[in-house]
Amino acid sequence: MAYNRLQTMKNNIEAIRVTFRLDVEKRPPNVVEREVLGKYAGFGGLKCILNDANELADAAKWSKSDIELFAPTVELRRLIHDYSKSDKEFAAYMDSLKASVLTAFYTPSPVIDALADALRDQGVKIGSFLEPSAGQGAFVDSFLKRYPGAETLAFEKDLLTGKILAALHPSISTEITGFEKIDPDFNGYFDVAASNIPFGDFAVADPKYATAKEIAYRQSTKAIHNYFFLKSLDSVHEGGIVAFIASQGVMNAASPFVRMEMMRRADLVGAFRLPNNTFSGNAGTDAGSDLIILQKNTRKKALSADEEFFIQSLVDRDTKAPNNKYFAAFPQNVICTEAKVGTDQFGKPAIIYKHDGGVDGIAHDLHNALGESLKLRLN
């Protein structure tokens, strides 16, 4: 399935229209509206909304490749403007959406289902579930289907996406704010935290972490993906599971401090490198990503061989592409049908992984690899 920006844009606008209408009429969505809301895919692949689109003259500044999205962008701005109670509220909505362009890439549900199924197959019980970066709730849907009645807390920072999440999931607690605002009472509370966490080197304002004595905590506030791992390990109880899809930056980064801290406080259940076409259909991005599964164990005395590998990133002498020793040791955890040297979205050397089975093929192979790892390493 190719990513169609125009169709995604139209689906997003309709979902936002429905959300505003439900807000005004103070009611839950009907069956048809639920379907419209479910097609919301965020603006991760739609950088065009960062361009000026206030009047027709602005179209002259748009590139040829984006011009078909000019009219829908004008429509999006008008829609938000019409429903905003003030200029200040309108500006807040637009700023929030623009911030989400860089971090919101939605995971295809078969991939999430593979994870949720694998955990359930291994007998993992979930009574309380945390989704720290929920989007419109794909992880929430998948896990609640398998664990109906699990008490669920979901965070979504983007104001409009948060409203859609709340409308689609009236039975869960939705916080439309950043995960760093989680109540300290939830420390050690959850059975499982699972999410596709924000990609990118964005800083997080968490005063407690920023002033911590451990270097890993201080460092984690500089990169949002590292922060989400450590903060979520705080939020699950001993033996609880953190399963995140994250950018390859977590495992490939030159600095080992955050990985060392993760291994100090949790057992590595498994890490899986996902192919670059995992998100192509849903978010139009070919960003490389990993699924990393940790089980909290703050009493551990020593690291396993796997965990020693996980801490060590490396750079290939010939290709100059970064990698992690763990994948050199466990090539079966690289989910792909082909791998070749190329460049990442920043033009730096990278190994590009492809899977010719599309999303369903990826989910199938991931499910099998997950089963093996969980059988061996889940306590």
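Our subject is the structure that appears above.
Throughout what follows, the structure given in this document is the object of discussion. (Residues numbered from 1 in each chain as written. Predicted model: local features only at pLDDT ≥ 70, side-chain atom pairs only at ≥ 80, totals over all residues. Heavy atoms only, no water.)

The end-to-end C-alpha distance of helix α10 (residues 224–235) is 16 Å, a good match for the 16 Å that 12 residues give at a rise of 1.5 Å each. Among the 12 residues of α10, 12 are classified as buried, and the element is accordingly described as predominantly covered. Among all positions of α10, only I224, H225, N226, Y227, F228, F229, L230, K231, S232, L233, D234 and S235 are buried. (Helix = DSSP H or I, 4+ residues; strand = E, 2+ residues; numbered from the N terminus. Expected span 1.5 Å × (residues − 1). Buried < 20%, exposed > 50% of the residue type's maximum accessible area, 1.4 Å probe, protein only.)

For the rest of this paragraph, the subject is the side chain of T278. Note on placement: T278 falls in the loop between β6 (266–274) and α13 (280–283). On the basis of relative accessibility, which here comes to 0%, the residue T278 falls in the buried class. Only 2.6 Å separates the side chain of T278 from the backbone oxygen of P275, close enough to count as a polar contact. Ignoring sequence-local partners within four residues, the contact set of T278 consists of P108, V111, V359 and I362. (Polar contact = N/O pair within 3.5 Å; in protein donor to acceptor, adjacent residues only side chain to side chain. Contact = heavy atoms within 4.5 Å.)

Counted according to the given criterion, the structure contains 17 aromatic pairs. Judged by centre distance (4.7 Å) and plane angle (20 degrees), the ring pair of F129 and F143 falls under stacked. A residue pair is termed long-range when its members are at least 10 positions apart, and F129 in strand β1 (residues 128–131) and F143 in helix α6 (residues 138–146) qualify at 14 residues. Ring centres 5.6 Å apart and planes at 65 degrees place the aromatic pair F155 and F179 in the edge-to-face group. With F155 in strand β2 (residues 151–155) and F179 in the loop between β3 (173–175) and β4 (190–196), this residue pair connects regions lying 24 residues apart in the sequence. Judged by relative accessible area, F155 falls into the buried class, the value being 2%. Through pairs of rings, three or more aromatic residues link up here, namely F155, F179, Y209, Y217, Y227 and F228. (Phe/Tyr/Trp six-rings, centres within 6.5 Å; stacked < 30°, edge-to-face > 60°.)

Looking now at the pairing of strand β7 (residues 289–296). Within β7, eight of the eight residues are buried, which leaves it mostly tucked inside the rest of the structure. Direction of pairing for strand β5 (residues 236–247) relative to β7: antiparallel, over a ladder of seven bridges. When the sheet's bridge partners are listed, I245 is paired in β7 with L291. By the bridge criterion, eight bridges tie β6 to β7 in an arrangement that is antiparallel. (Pairing = 2+ DSSP bridges.)

All right, on to the sheet that holds β2 then. Spatially, β3-β2-β1-β4-β5-β7-β6 is the arrangement adopted by the seven strands of the open sheet, whose pairing is mixed. At either end of the open sheet lies a strand with only one pairing partner, and these are β3 and β6. Across this sheet, the average inter-strand angle for adjacent strands is 10 degrees, counted without regard to direction. Lying over the sheet, helix α5 (residues 109–121) contacts β4, β5 and β7, oriented at roughly 160 degrees with respect to β5. (Axes fitted to C-alpha atoms, helices over the stretch in contact; angles between N-to-C directions.)

It is worth spelling out unusual backbone geometry at this point. Not every positive phi belongs to a glycine, and K26 is a case in point at roughly 50 degrees. In this structure, K26 sits in the loop between α1 (5–25) and α2 (31–38). The exposure class of K26 is exposed, given its relative accessible area of 70%. The backbone phi angle of K320 is positive, close to 65 degrees, even though this residue is not glycine. Of note, K320 is situated in the loop between β8 (313–315) and β9 (322–324).

Right, let's get into the packing of α1 against helix α3 (residues 70–83). Their axes nearest at 10 Å, the elements α1 and α3 cross at an angle of 10 degrees. Relative to α3, the element α1 lies roughly parallel. On α3, the residues touching L6, M9, I13, I16, R17, F20, R21 and V24 of α1 are P72, T73, E75, L76, L79, I80 and Y83. Residue composition of the contact of α1 with α3, by class: 11 nonpolar, one polar and three charged. (Parallel < 35°, antiparallel > 145°, perpendicular 65-115°, else oblique. Nonpolar A, V, L, I, M, F, W, Y, C, P; charged D, E, K, R; others polar.)

Before going further, it helps to spend a moment on the pattern of salt bridges. On inspection of all chains with the given rule, the structure shows 21 salt bridges. Among the salt bridges present, the one from R146 reaches D113, with a minimum N-O distance of 3.6 Å. Highlighted residues: R146 in helix α6 and D113 in helix α5, separated in sequence by 33 residues. The partner of R265 in a salt bridge is D234, and the shortest N-O contact between them spans 2.5 Å. (Salt bridge = Lys/Arg side-chain N within 4 Å of Asp/Glu carboxyl O.)

Bringing the pairing of β5 into the picture now. The buried count for β5 comes to nine of 12 residues, which makes it a mostly enclosed element. Here β4 runs beside β5; their pairing, made up of six bridges, is parallel. Residue pairing across strands places V192 opposite I241, the latter belonging to β5.

On to the environment of T177, then. Of note, T177 is situated in the loop between β3 and β4. You can call T177 partly exposed: its relative accessible area is 24%. Sequence-wise, T177 and I16 are 161 residues apart; in three dimensions their C-alpha atoms are separated by 18 Å. Contact partners of T177, with chain neighbours within four places excluded, come to F155, E156 and K157.

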